[in-house]
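# Architecture and fold: a report
Here is how the chains run, residue by residue.
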Amino acid sequence: VWQLVQYLRLQSGVLKTRPTFVADPSGVVLKTEKATVRLEVIADGLNTPWGLAFLPDGRLLVTERTVNGGTLRIIEKGALSAPVTGTPAVHVQQDAGMFDVEVHPKYAENGWIYLSYAELLPGYTPAPAPPAGETGGAGRGGGRGAVAPSMTTIVRGRINSRHEWVDQQVIFRAAANLYT
């Protein structure tokens, strides 16, 4: 059946080939319908970069999604910093993780940086794992057990001279009954 589906997709033109993998994309030229662009790598070593925001001094803030949650990093003159410490605990599951970063329009005066991220429902305790040999509950997620309830939260804070996230304030956190 799978081969038949593939054959039909191929014949209908729906099946598209994947682009070739390029180990070092720096200098690669891409042509689109509206523009031609040349790729330039500005820093190596990121794990699924997600959001970007420039600071007034030219440094670049980058959020990344990692298997352990998410991080906020700074790129300065091509050098990638260690993760900023003290950022919020980020929940990773399916499309959840560290999302966007934005710099306050008056950052030079107030230093505020805004982060959005997926947060696990405060106080949530996952159900215990099923005994060995059992498949678990039939919750969401294709019978692999229930999906942990999470929601996007928005905070603001500052990065101090020791590379720490400080002065955090919650800007938006949904009511507990809205976590999905």
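Here, every reference points to the structure presented above.
A quick note: this is a predicted structure, and the numbers were derived from the prediction, not measured.

We now examine the overall build of the protein. The number of helices and strands found in the protein is two helices and 10 strands. When the helices and strands of the protein are placed in sequence order, the string is α-β-β-β-β-β-β-β-α-β-β-β. Each of the 180 residues in the protein was classed as buried or not, and the buried ones make up 30%. In the form shown here, the protein has an accessible surface area of approximately 12400 Å², with 55% of it arising from carbon and sulfur atoms.

Another aspect to go through is the environment of asparagine 177. For asparagine 177, the position within the fold is in the segment after strand E10 (165-172). Along the chain, asparagine 177 and leucine 121 lie 56 residues apart, while their C-alpha atoms are 9.3 Å from each other.

Turning to the packing of aromatic side chains, a few remarks are in order. Overall, the coordinates contain one aromatic pair when judged by the stated rule. With a centroid separation of 6.0 Å and 45 degrees between ring planes, the pair formed by tryptophan 50 and phenylalanine 99 is classed as tilted. Here phenylalanine 99 lies in strand E7 (residues 98-103) and tryptophan 50 lies in strand E3 (residues 49-54), a separation of 49 residues in the sequence. A cation over a ring is seen here: arginine 156 above tryptophan 112, with NZ or CZ 3.9 Å from the ring centre. Positioned over the ring face of tryptophan 112 is arginine 158, at 3.7 Å from the centre of the ring.

Attention now moves to the layout of surface pockets. Put simply, the second largest pocket is a space of about 160 Å³. Elements with a contribution of two residues or more to the lining of the second largest pocket: E3 and strand E4 (60-66). The biggest single contributor to the lining of the second largest pocket is E3, with three residues. Residues that form the lining of the second largest pocket fall into these classes: nine nonpolar, no polar and no charged.

The next subject is unusual backbone geometry. One non-glycine residue, threonine 48, adopts positive backbone phi at about 55 degrees. When its relative accessible area of 39% is taken as the criterion, threonine 48 is described as partly exposed. Phi at histidine 163 is positive, roughly 70 degrees, even though this residue is not glycine. For histidine 163, the position within the fold is in the loop between strand E9 (150-159) and E10. Look at histidine 163 and you get partly exposed, because its relative accessible area is 23%.

So, about a nonpolar patch on the surface. A cluster of nonpolar side chains, namely Val1, Trp2 and Val5, defines an oily patch on the protein surface of about 370 Å² accessible area. Relative to the helices and strands, tryptophan 2 resides in helix H1 (residues 2-12). On the accessibility criterion, tryptophan 2 (60% relative accessible area) is exposed.

What follows concerns the sheet that holds strand E6 (residues 79-80). One open sheet holds the four strands; their spatial order is E3-E4-E5-E6, and the pairing between them is antiparallel. Only two strands of the sheet have a single neighbouring strand rather than two, namely E3 and E6. Relative to E6, strand E5 (residues 69-76) runs antiparallel, the two being bridged by two bridges. Opposite isoleucine 75, over in E6, you have leucine 80 as the bridge partner.

Conventions and cut-offs
Residues numbered from 1 in each chain as written. Predicted model: local features only at pLDDT ≥ 70, side-chain atom pairs only at ≥ 80, totals over all residues. Heavy atoms only, no water. Helix = DSSP H or I, 4+ residues; strand = E, 2+ residues; numbered from the N terminus. Buried < 20%, exposed > 50% of the residue type's maximum accessible area, 1.4 Å probe, protein only. Areas by Shrake-Rupley, 256 points an atom, 1.4 Å probe, with all protein chains shown as cover. Phe/Tyr/Trp six-rings, centres within 6.5 Å; stacked < 30°, edge-to-face > 60°. Lys NZ or Arg CZ within 6 Å of the ring centre and 35° of its normal. 1 Å grid on protein atoms, 1.4 Å probe; cavity = no way out; pocket = protein on both sides within 12 Å on 5 of 7 lines; lining within 4 Å. Points joined across faces, edges and corners; volume = space filled by probe spheres on them. Nonpolar A, V, L, I, M, F, W, Y, C, P; charged D, E, K, R; others polar. Patch = residues over 30% accessible without salt bridge, like charges linked within 9 Å, V, L, I, M, F, W, Y side chains within 5 Å. Salt bridge = Lys/Arg side-chain N within 4 Å of Asp/Glu carboxyl O. Pairing = 2+ DSSP bridges.

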